Amino acid sequence: MTTNGNGILSALVAAGAAILTSFARGSGKTEAARRPATGNGPAAGTATLEPGHGGIAETVELDPRSVRGLRVRYAPQRDGAPDAGEIVWTWVPYAERDGRGKDRPVLVIATQSADRVYAVKLTSKSHDGDRDFLSLGSGPWDGQGRESWVDVDQLYSVHVSGVRREAAALDRDRFERVAGVLERRFGWTAG
């Protein structure tokens, strides 16, 4: 079969365009599609993510030492919005920062902006004697009634649309204990 120079050039251009189109489709995958499945969330490649996982509403870990002038204050209101003093559920990234994480309770400690709040995470794993954790005891945020600890050395920025649900308002005494630890540790204002 013989082809002239124009036919070869046309074939090369068409093949190059097909390769570029294929490449663009492959690299146009969402970040969620590139993340490995964790077993706690959607399978890789699915568009459905937990509240707080992905996009502008993603829960983000912050260095608490870099946050200045934070005012920790108790102001819970059962209105569906995350308020300081409430324990809410949201997706929280793992410390490895590899795109994985899990849905967990966090204690809202302050307002960051109109769309975001500052929060510290809770865990039911025992941390007796660990200076980075403060025991809260048990409460209605844990359906199994387990004791919870608040991690006072990690801070998160939680988008209001990233909150899955309000779990409970922490009583003022326990909240003030947490606020006092944060005030001493990071120089924030409690009250």
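Note that this is a predicted model, so its numbers are computed, not measured.

Per-residue confidence for the chain gives a mean pLDDT of 77; residues scoring 70 or more make up 73%. For residues 9-47, every residue scores under 50 in pLDDT, and the model assigns this stretch 28 contacts once sequence neighbours within four places are set aside.

Moving on: the nonpolar core. Note that soluble globular proteins tend to have their nonpolar side chains buried in a common cluster. Of all hydrophobic cores here, the largest spans 27 residues; its most connected members are L70, L107, I109, W141, V150 and W188. Every element with two or more residues in this core is listed here: β3 (86-93), β4 (101-111), β5 (116-123), β6 (133-137), β9 (163-169) and α3 (172-186). Among the elements that make up this core, the one with the highest residue count is α3 (six residues). With residues near it in sequence (within four places) discarded, L70 still touches I109, A110, Y118, W188 and T189. Among the nonpolar cores identified, the runner-up in size contains nine residues, and V92, V106, A119 and V158 belong to it.

Once that is clear, we can look at the pattern of salt bridges. Note on pairing: side chains with opposite charge can pair once their charged atoms come close. Scanning all chains against the criterion turns up nine salt bridges. For D153, the salt bridge is made with R65, and the minimal N-O distance between the two is 2.6 Å. Taken together, the residues D153 in the loop between β7 (148-151) and β8 (155-159) and R65 in the loop between β1 (60-62) and β2 (71-72) connect sequence positions 88 residues apart. The exposure class assigned to R65 is partly exposed, which follows from its relative accessible area of 42%. Overlapping salt bridges bring together D63, R65, R131, D132, D153 and R185 as one network.

Further remarks concern the environment of A84. By secondary structure assignment, the location of A84 is in the loop between β2 and β3. Ignoring anything within four residues of it in the chain, the contact list for A84 reads R73, Y74, A75, P76, V108, I109, A110 and F175.

Let us look at the pairing of β7. Burial along β7 is two-sided: S148 and V150 facing one way and W149 and D151 facing the other are all buried. The sheet contact formed by β5 and β7 spans two bridges and is antiparallel. Counterpart to T123 in the pairing with β7 is W149. Here β6 pairs with β7 via four bridges, running antiparallel. Within β7, the residue paired with F133 across the bridge is D151.

Rules of the game
Residues numbered from 1 in each chain as written. Predicted model: local features only at pLDDT ≥ 70, side-chain atom pairs only at ≥ 80, totals over all residues. Heavy atoms only, no water. pLDDT = per-residue confidence, 0-100. Contact = heavy atoms within 4.5 Å. Core = buried A, V, L, I, M, F, W, Y, C linked by side-chain atoms within 4.5 Å. Buried < 20%, exposed > 50% of the residue type's maximum accessible area, 1.4 Å probe, protein only. Helix = DSSP H or I, 4+ residues; strand = E, 2+ residues; numbered from the N terminus. Salt bridge = Lys/Arg side-chain N within 4 Å of Asp/Glu carboxyl O. Pairing = 2+ DSSP bridges.

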